[in-house]
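Coordinate analysis (summary)
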Amino acid sequence: MRALTDAEIRASFVNCTKGEASRAWLPRGLGELDWAGLDFLGWREAGAPERGYLVAEFEGRTVGVALRLAQRPAAGRGGAMCSICLTAHPASGVALMTARRAGRGSAEEYASAGEYFCSDLACPLYVRGRRRVAAGGARMTESLDAEARVARMRANLAGFLGRVVR
């Protein structure tokens, strides 16, 4: 992923108003990120943890998506798997996140797309082994090499973004 500025990130959002994008909390230290090691930039808003954001390259352009965490059921035992990077986490490590579909004025104005993501939106780091899963979760042993796992994650993300953008 190429390095992005605050202004580029805010301008990339496709499913919120310009006002909402201007008020979104952006992560600190964008200049120090290892952009080359990211397939998408994902973060949760510190002051409003039910909000999340991701920015990725999609169909030749930079696309930002505002996310909302779905209401969690009562905490249970066990684990869950991220649908994007296929990392298994303890139950609290995966969250159903929804995004309003882009576009206004259509019959689908209030439609949304949802997917199970790593709660911290750090899928690129888990796939590359740069972040370890909390106790109770694990990366599955696979026969795929790192490049193939990254390609699969990108394809899964593209499927989600396609449902949001179209």
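Thresholds, definitions, all that
- Residues numbered from 1 in each chain as written.
- Predicted model: local features only at pLDDT ≥ 70, side-chain atom pairs only at ≥ 80, totals over all residues.
- Heavy atoms only, no water.
- Phe/Tyr/Trp six-rings, centres within 6.5 Å; stacked < 30°, edge-to-face > 60°.
- Helix = DSSP H or I, 4+ residues; strand = E, 2+ residues; numbered from the N terminus.
- Buried < 20%, exposed > 50% of the residue type's maximum accessible area, 1.4 Å probe, protein only.
- Core = buried A, V, L, I, M, F, W, Y, C linked by side-chain atoms within 4.5 Å.
- Pairing = 2+ DSSP bridges.
- Axes fitted to C-alpha atoms, helices over the stretch in contact; angles between N-to-C directions.
- Salt bridge = Lys/Arg side-chain N within 4 Å of Asp/Glu carboxyl O.
- Contact = heavy atoms within 4.5 Å.

Bringing the packing of aromatic side chains into the picture now. Counting across every chain of the model gives three aromatic pairs. A ring pair is formed by Phe13 and Tyr53, whose centres lie 5.6 Å apart and whose planes are at 70°; its orientation type is edge-to-face. Note that Phe13 is positioned in the loop between helix H1 (6–12) and helix H2 (18–23) and Tyr53 in strand E2 (residues 48–58), a separation of 40 residues in sequence. Residue class for Phe13 comes out buried when judged on its relative accessible area of 10%. We classify Tyr53 as buried; its relative accessible area is 6%. Plain terms: the ring middles of Trp43 and Tyr53 are 5.3 Å apart, the flat faces sit at 25° to each other, and that makes the pair stacked. Residue Trp43 is found in strand E1 (residues 40–45), and its partner Tyr53 is found in strand E2; the two are separated by 10 residues along the sequence.

It is worth spelling out the nonpolar core at this point. Counting residues in hydrophobic clusters, the biggest one holds 30 residues, and the most contacted among them are Ile84 and Phe160. Of all the elements in the fold, those that place two or more residues in this core are E2, strand E3 (61–69), strand E6 (94–100), strand E7 (112–118), helix H3 (123–127) and helix H4 (146–165). Element by element, the count of residues in this core is highest for H4, at seven residues.

As summarised here, the arrangement of the five strands in space is E1-E2-E3-E6-E7, forming an open sheet in which the pairing is antiparallel. Among the strands making up the open sheet, the edge pair consists of E1 and E7. Sheet twist, expressed as the mean angle between neighbouring strand axes with direction ignored, is 30°. Alignment of E2 against E3, held across eight bridges, turns out to be antiparallel. Looking at the pairing, Val55 lines up with Gly64 of E3.

Moving on to the pattern of salt bridges. A complete count under the given rule lists nine salt bridges for this structure. Between Arg154 and Asp39 there is a salt bridge whose closest N-O contact spans 2.6 Å. A residue pair is termed long-range when its members are at least 10 positions apart, and Arg154 in helix H4 and Asp39 in the loop between H2 and E1 qualify at 115 residues. Taking relative accessible area as the criterion, Arg154 reaches 47% and is therefore assigned partly exposed. Taking relative accessible area as the criterion, Asp39 reaches 10% and is therefore assigned buried. The shortest N-O distance in the salt bridge between Arg166 and Glu59 comes to 2.2 Å.

All right, on to the environment of Arg154 then. Each C-alpha atom of the pair Arg154 and Phe40 lies 8.8 Å from the other, and the pair is 114 residues apart in sequence. Setting aside anything within four residues of it in sequence, one finds Arg154 in contact with Asp39 and Arg128.

Pairing of E1 with E2 involves six bridges; the strand directions are antiparallel. Each residue of the ladder has a partner; that of Gly42, found in E2, is Leu54. Here E1 folds back onto E2 in antiparallel fashion, the turn holding two residues.

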